[in-house]
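Remarks on the overall topology
Letter by letter, the chains look like this.
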Amino acid sequence: MNEQHLEPLKRHPEGRALCAEVDLGRIVRNLGRLRTAAAGRDIWGVVKANGYGHGAVPVGRALAEGGAHGLAVSNLEEGLELRQGGIECPILVLGGLRPEALPAASAEGLTIAVVGPEHLADYARILPQHPVALHLKLDTGMGRFGLLPSELGACMTGLQRLAPWIEGAMGHFATSDDPDQGFALRQRRTFDACLSQLSEAGIRPAQRHHGNSDACLRDLLDQDTHVRPGLALFGLTTIPEGRALGLEPALELVAEVARVKVVPAGTTVGYGRTFVAPQPMQIATLACGYADGYRRDLGNRGVVGFAGRTFPVVGRVSMDYLTVALPLDVPVAPGSPMTLFSADPAAPHSLERMAQTLATIPYELTCALHRRITRRFSV
Ligand SMILES: Cc1ncc(COP(=O)(O)O)c(C=O)c1O
């Protein structure tokens, strides 16, 4: 195969027809707000999934320089991407690692979550030659990864062999966004019980962390030494406490108008003819579609910002394009910038409001933003 095909697409410097503008200064300010909310605890900044779609390396660098203790990612590849980007702070791989990948993780100085009992013996065999710091994941009620409390006893000998490398213990809340804290507090008690059991066996991790963004905002941190926020770093939240903290959304998605046409009443727009112009109007076509991560079900439901107003997305969103209807008296031309996702949390086209429209969460919208979108960073 011709190697050139494997290179990333090169963009013309002027080619910002679709651009995610990311304000790193806001992310660093959000880090400070979270540190205050978490009463000064150290922060593992969660930047998995390309920094929740914002750009893992620039965001990770900004967080590290802004004083985050470390960064957390989902898998080995994401950790390596940060290292290749020149980031030197601790990087925690949350999703665990097969034993055969330990040498690569060790070479790059990654920290690895132990997510179950299955690899303890292999880890004990490999770690003396290829050391990594370990964080024990405890399944306190999330039901995905982590050692179950019922498994701890049987695993204790295996864990004791890993003790020299165990730096942390962690859990993950299933319901920290729920105003009813009953289950979260149960998870806390389970975490404490697991830590006591480990301590009796001589395993006393220096770090303990169970809290994501909402746990910082809802004071669910108890005796934790560290926290692991993701979403709130990007200024996004699904709970009122997040807005009260003054979190600043960091991302704005902007597309330039590619074409404008004036259409008579009765004109249909797009696949399936789901929009019929009720009167003469302008239809602006933007080069952003579901392949970029703009959800198809925002067709005839989404709005975009332009010239201080919002205008409806009409017709179906297609793979590479969407269409916006504007009255005839609004001056608009090819090259006019329209805001698809606003960084103003109160705007009708903010990520949070668009997520509500779609009955989803802002995480899903930002993580879906494709790497083909130009990302422009400011501080
Ligand atoms: C293990 C773990 N910790 C922390 C986080 C960060 O959560 P949030 O973005 O809600 O702060 C996540 C995100 O999914 C996670 O999976």
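1. Things to note about helix H3 (residues 56-65)
All buried positions along H3 are accounted for by Ala56, Val57, Val59, Gly60, Ala62 and Leu63. Considering only its buried residues, H3 is in contact with helix H1 (24-37), strand E2 (42-46), helix H2 (48-52), strand E3 (70-73) and helix H4 (76-84). Just downstream of H3, glycine 67 is the residue with a positive phi angle, here 105°.

2. Some remarks on the nonpolar core
In terms of nonpolar packing, the biggest core is built from 109 residues, with Leu134, Leu159, Leu253, Met338 and Leu340 touching the most fellow members. Apart from residues no more than four positions distant in its own chain, methionine 338 is found in contact with Leu253, Val254, Ala255, Val257, Ala284, Leu286, Val304, Gly305, Phe306, Val324, Leu326 and Val332. Grouped together as the second largest cluster of nonpolar side chains are eight residues, Val263, Phe275, Ile283 and Ala325 included.

3. Quick look at the pattern of salt bridges
Counted by the stated rule, this structure contains 17 salt bridges. Of the charged contacts, one joins glutamate 248 and arginine 33 as a salt bridge, the two residues approaching to 3.1 Å between their closest N and O atoms. Taken together, the residues span a long stretch of sequence, with glutamate 248 in the loop between helix H10 (240-244) and strand E10 (251-263) and arginine 33 in helix H1 at a distance of 215 residues. Note that glutamate 364 is salt-bridged to arginine 295, the shortest N-O span being 3.3 Å. Of the two residues, glutamate 364 is situated in helix H12 (residues 362-367) and arginine 295 in the loop between strand E13 (281-286) and strand E14 (303-306); the sequence distance between them amounts to 69 residues. Overall, glutamate 364 belongs to the partly exposed group, its relative accessible area being 39%. Here arginine 295 falls in the partly exposed class, since its relative accessible area comes to 21%. Overlapping salt bridges bring together Asp23, Arg26, Arg29, Arg33 and Glu248 as one network.

4. Describing the packing of H1 against H3
Interhelical geometry of H1 versus H3 gives an angle of 45° and a closest axis separation of 9 Å. Put simply, H1 runs oblique to H3. Of the two elements, H1 crosses H3, and the hand of that crossing is right-handed. Counted together, Leu24, Ile27, Val28 and Leu31 of H1 and Pro58, Val59, Ala62 and Leu63 of H3 form the full contact between these two elements. Here the contact of H1 with H3 is built from residues that sort into eight nonpolar, no polar and no charged.

The rules behind the values
Residues numbered from 1 in each chain as written. Predicted model: local features only at pLDDT ≥ 70, side-chain atom pairs only at ≥ 80, totals over all residues. Heavy atoms only, no water. Buried < 20%, exposed > 50% of the residue type's maximum accessible area, 1.4 Å probe, protein only. Helix = DSSP H or I, 4+ residues; strand = E, 2+ residues; numbered from the N terminus. Contact = heavy atoms within 4.5 Å. Core = buried A, V, L, I, M, F, W, Y, C linked by side-chain atoms within 4.5 Å. Salt bridge = Lys/Arg side-chain N within 4 Å of Asp/Glu carboxyl O. Axes fitted to C-alpha atoms, helices over the stretch in contact; angles between N-to-C directions. Parallel < 35°, antiparallel > 145°, perpendicular 65-115°, else oblique. Left-handed = near helix turned anticlockwise from the far one by under 90°. Nonpolar A, V, L, I, M, F, W, Y, C, P; charged D, E, K, R; others polar.

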